[in-house]
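Spelled out from the first residue to the last, the chains are:
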Amino acid sequence: MSRVSEYTFVHDSELDQAIGSDFFVVVAILPVICVARLVCERIGAAVFLSTEHAKKFHRKTHALALARKKFEESFWKFVYYSLAATYGIVTMSWESFLRRPYEEYPNKISTKVYWYYMVQIAFYLWMSVCLLWDVRKKDFHQMAAHHGTTLGLLVVSYSWKVTNIGALILLLSDIADPFLELAKMFNYLKKEPASTITFIAFFLAFVLVRLTVYPLYAVYPSLVQTYPLAEYVGAVYVYYIANALLLVLLGLNMFWSYLIVRVMIRTLKGSDLKDDRSEPESD
């Protein structure tokens, strides 16, 4: 276990500034997220309704409305996750603090990390609310737990100035998601083999970043390295809270990997690719 002396302590007056004003930044970003989702969903609906597949619904208005809503939700998520992942990869993937997130304390928050945090907090707040009217999935409770856990990690890491690990977790979370949403859109349009190929890409990315990199570079180092630091700064409870949240995320990743494997097996057996979390539908 690392000793406290192995940490580099940074003393900077900028790090002592109050974070109360950041609440208003998040509140200001929320309407932007809301409008962005609305615009993306309108574009997604237009794209879906212009396809030959949509025309096959004929008079099945309920089925058409449900299929359109699922497509536009995936379209919005695909756009957001693609932009978030691209931003993280381009601006931060090469940063040394992501490879050694626990080496320095407190973490100095650069402008790019600051806005990464503010936008992501606003996004997860809004998506938590949207769960109430989005198409209901079988993993509704797990998704709610995921959003709540992610928000908890963002708030705790930002409040205690350990944003390096928060930025790493956000980046790892976003990388695989665009492939999943793209695979869903292809599936809703009955586009094969595009749907299966994209889903396989998602599966490989998910295993790499969420079941390999995340536990090895985020969870394990936090469990074995941060207790002495938490003890030194008199915040042992933060150690337990933060690591409990990290483990909850890992558990959710393992649960979703089980669902992904089920879909993969069913697809290999010749069945249609289907979101294994969707509630049964009727026309």
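Below is a short write-up of the structure. Computed from a predicted structure; not experimentally measured.

Rules and cut-offs
Residues numbered from 1 in each chain as written. Predicted model: local features only at pLDDT ≥ 70, side-chain atom pairs only at ≥ 80, totals over all residues. Heavy atoms only, no water. Phe/Tyr/Trp six-rings, centres within 6.5 Å; stacked < 30°, edge-to-face > 60°. Helix = DSSP H or I, 4+ residues; strand = E, 2+ residues; numbered from the N terminus. Buried < 20%, exposed > 50% of the residue type's maximum accessible area, 1.4 Å probe, protein only. Expected span 1.5 Å × (residues − 1). Contact = heavy atoms within 4.5 Å.

### Structural notes on the packing of aromatic side chains
Two descriptors summarise a pair of aromatic rings, namely the distance from one centre to the other and the angle between the planes of the rings.
Next up, step 1: Across all of its chains, the model carries 19 aromatic pairs by this definition.
Next up, step 2: Ring geometry for Trp 76 versus Tyr 80: centroids 5.8 Å apart, planes at 45°, classification tilted. Here Tyr 80 and Trp 76 lie together in helix H3 (residues 61–92), a separation of four residues that amounts to about one turn.
Next up, step 3: A centroid spacing of 5.2 Å and a plane angle of 85° characterise the contact between Tyr 239 and Tyr 240, whose relative ring orientation is edge-to-face.
Next up, step 4: Take Tyr 240: its relative accessible area is 51%, and that puts it in the exposed class.
Next up, step 5: By the ring-pair criterion, three or more aromatic residues cluster together here, those being Trp 76, Tyr 80, Tyr 81, Phe 123 and Tyr 124.

### Comments concerning helix H6 (residues 140–159)
An α-helical turn contains 3.6 residues, so a residue and the one three or four places further along point in the same direction.
Next up, step 1: Given a rise of 1.5 Å per residue, 20 residues ought to cover 28 Å, and the 28 Å separating the end C-alpha atoms of H6 matches this to within 8%.
Next up, step 2: Buried within H6 are the following residues: Phe 140, Met 143, His 146, His 147, Thr 149, Thr 150, Leu 151, Leu 153, Leu 154, Val 156, Ser 157 and Tyr 158.
Next up, step 3: One or two positions beyond H6, positive phi appears at Lys 161, with a value near 60°.

### Let's talk about the environment of Glu 72
Next up, step 1: In this fold, Glu 72 is placed in helix H3.
Next up, step 2: On the accessibility criterion, Glu 72 (7% relative accessible area) is buried.
Next up, step 3: As for Glu 72 and Met 185, which are separated by 113 residues in sequence, their C-alpha atoms are 8.6 Å apart.
Next up, step 4: Setting aside residues up to four positions removed in sequence, Glu 72 forms contacts with Glu 41, Gly 44 and Ala 45.

### Observations regarding unusual backbone geometry
Glycine aside, the phi torsion of most residues is negative, and most peptide linkages are trans.
Next up, step 1: Geometrically, the link from Glu 192 to Pro 193 is a cis peptide bond, its omega value of 10° lying close to zero.
Next up, step 2: Mapped onto the secondary structure, Pro 193 falls in the loop between helix H7 (163–188) and helix H8 (194–225).
Next up, step 3: At Lys 190, a residue that is not glycine, the phi angle is positive and equals roughly 60°.
Next up, step 4: Among the structural elements, Lys 190 can be located in the loop between H7 and H8.

These values are about where atoms sit, not about what they do.
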